[in-house]
Amino acid sequence: MSLIDYIEELSDVYGIADFSLNQDELIETYGEDICKYPYAIAIGHRMLEDIIEKIPLTYNDDELAQEYLDEYYHSHQRVSKIAKKIIKYIENENYQAIELDVSGTNPSLNLKMPFSNKASAHLAGIGWLGKNNLLTTEKYGPRITWATILTNAPLAEYTGRPMESLCGDCDMCVKACPGKAITDLPDPAKSYDPNKCGEFLMSRKEEGRPIACGMCLYICPYGNEKTRKILNSKKVI
C-alpha cells in the first residue's frame with residue numbers, strides 16, 4: 001500500500017500542501033521553522049454526527065452541551081492518533097515527519113506563533129475558510145477536526161491549491177450566531193470576530209454552564225442537508 005493510499009484509508013478527507021508556494025507568507029507569519037519540511041499533509045476527521053445534530057438543543061440542556069464539548073476534544077484525540085499512524089508509516093519509508101498538535105506546535109519547531117491546522121487544509125485545497133472562519137469542505141462542511149503532518153516525503157504530484165469560497169450569498173451562520181460574532185462579509189478575517197465569540201462563551205461560563213456553542217458549525221449547509229435544501233430552494237447555492 002502506498003503512502004497516499006494509507007492516508008486515504010485512515011482519513012475522512014485529506015490534502016497535501018506544498019509550502020514552497022507560500023513560503024514567504026508562511027515564514028513571515030510563523031518563522032523559518034514552519035518551512036523546515038516542504039510538504040504538509042492535512043488530515044480531516046469527522047466529528048460524530050449524532051452529537052453535532054443536537055447542537056441547537058445545547059443552549060437549554062447542559063448535559064448535551066457537555067456532550068458536544070467532550071466530543072470536540074475527543075475528536076482531536078482521534079485525529080491525532082491517525083496522524084501518528086501516518087507518521088510511523090512515513091518513518092518506516094525512511095523519510096521524516098512530525099505532527100503539529102491541536103495547539104499548532106511541535107517541540108522540534110521554533111515558531112513565532114502556533115500554526116493553524118486549518119491553514120494547511122486550506123493551502124492543500126481541501127476547502128475554504130467560511131464566513132465563520134472555519135475550514136469548510138463541500139461534503140462535510142465545517143464538521144471536521146484537523147491535524148497537520150509536516151514531512152519531506154516525496155509528495156509533489158499530490159499537492160493541491162487553495163480553493164475559492166463557496167459561501168456566496170449564504171448568511172445562515174451569520175443569522176444563527178448567538179454571540180453576533182459573524183457578519184456577512186466575504187473575507188473571514190473581517191467577517192468573524194473572535195472577541196465577540198469569546199465574550200458569548202464566557203457569558204455561558206459565568207452562568208455556570210458548559211463553554212460550548214457550535215451553532216455556525218451545525219447550521220452550515222455544507223454538511224447539513226436540511227439547511228442545504230432550504231438554500232437550494234431559494235437558489236442561493
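The structure under discussion appears in the preceding block.
From a predicted model like this one, the values you see are computed outputs, not experimental measurements.

Caption draft 1: A look at helix α4 (residues 62-92). Its 31 residues give α4 an end-to-end C-alpha distance of 45 Å, which sits within 8% of 45 Å, the value for a rise of 1.5 Å per residue. A side-chain oxygen of the first residue of α4 lies 3.0 Å from the backbone nitrogen of E63; this N-cap is D61. Directly beyond the C-terminal end of α4, a positive phi value near 70° is found at N94.

Caption draft 2: Fine view of the packing of aromatic side chains. One pass over the full model with this rule turns up six aromatic pairs. For the ring pair Y59 and F200, a centre distance of 6.4 Å and an interplane angle of 55° mean the geometry is tilted. Taken as a pair, Y59 in the loop between α3 (49-52) and α4 and F200 in helix α8 (residues 194-206) lie far apart in primary sequence, 141 residues in all. Across the pair, F200 and Y59 agree in class, each one buried. Ring centres of W128 and Y222 lie 5.1 Å apart, and the angle between their planes is 85°; this geometry places the pair in the edge-to-face category.

Caption draft 3: Here's a closer look at the sheet that holds strand β3 (residues 97-100). The sheet built from four strands is open, its strands ordered β1-β2-β6-β3 with antiparallel pairing. Each edge of the open sheet carries a strand with a single partner, namely β1 (13-18) and β3. On average, each strand axis in the sheet is tilted by 25° relative to the strand beside it, whichever way the strands run. Relative to strand β6 (residues 144-151), β3 runs antiparallel, the two sharing four bridges.

Caption draft 4: Molecular detail of the state of the cysteines. In total, this model carries zero disulfides according to the counting rule given. Cysteine C167 is unpaired, with the sulfur of C220 as its nearest cysteine sulfur at 6.5 Å.

Caption draft 5: A look at the pattern of salt bridges. Counted according to the given criterion, the structure contains 10 salt bridges. Between E67 and K54 there is a salt bridge, with the nearest N and O atoms lying 3.7 Å from each other. Taken together, the positions of E67 in helix α4 and K54 in the loop between α3 and α4 put the pair 13 residues apart, joining distant regions of the chain. By relative accessible area, which is 28% here, E67 ends up partly exposed. For K54, a relative accessible area of 29% gives the class partly exposed. R78 is the partner of E71 in a salt bridge, and the nearest nitrogen-oxygen pair spans 2.6 Å. A relative accessible area of 25% places R78 in the partly exposed class.

Caption draft 6: Spotlight on the side chain of N117. Relative to the helices and strands, N117 is located in helix α5 (residues 117-123). Within the structure, N117 has its side chain in polar contact with the backbone oxygen of D101 (distance 3.3 Å). Setting aside anything within four residues of it in sequence, one finds N117 in contact with L100, D101, V102, W146, A147 and T148.

Caption draft 7: Inspection of the environment of L69 at higher detail. Its place among the elements puts L69 in helix α4. Setting aside residues no more than four positions away along its own chain, L69 makes contact with I211 and A212.

Reading the values: the criteria
Throughout, residues of each chain are indexed from 1 in the direction in which the sequence is written. At least 70 in pLDDT is required for a residue's local features to be given in this predicted model, at least 80 for side-chain atom pairs to be given and counted, and no such filter applies to totals for whole chains, interfaces and linings, which use all residues. Working from all heavy atoms in the structure, the side-chain values ignore hydrogens and water. Put simply, DSSP marks the helices as runs of H or I at least four residues long and the strands as runs of E at least two long, and each gets a number from the N terminus on. By definition here, a helix of n residues has an expected span of 1.5 Å times n minus one. Any pair of nitrogen or oxygen atoms within 3.5 Å is treated as a polar contact; in protein, a donor-acceptor pairing is required on top of that, and neighbouring residues in sequence qualify only through side-chain atoms on both sides. Centre distance within 6.5 Å is the pairing criterion for rings of Phe, Tyr and Trp, where only the six-membered ring of Trp is used; planes under 30 degrees apart are then read as stacked, over 60 as edge-to-face, and the remainder as tilted. Buried, partly exposed and exposed residues are distinguished by accessible area as a fraction of the type maximum, computed with a 1.4 Å probe on protein chains only: under 20%, between the cut-offs, and over 50%, respectively. Strands are treated as partners if at least two bridges between them are detected by DSSP. Axis definition: a line fitted to C-alpha atoms, limited for helices to the stretch in contact. Angles are taken between N-to-C directions and run from 0 to 180 degrees. Sulfur atoms of two cysteines make up a disulfide when they are within 2.5 Å. For salt bridges, the criterion is a side-chain nitrogen of Lys or Arg within 4 Å of an Asp or Glu carboxyl oxygen. Contact between two residues is taken to exist if any of their heavy atoms lie within 4.5 Å; hydrogens are not considered.

Honestly, that's just the spatial picture; any functional story needs more than this.
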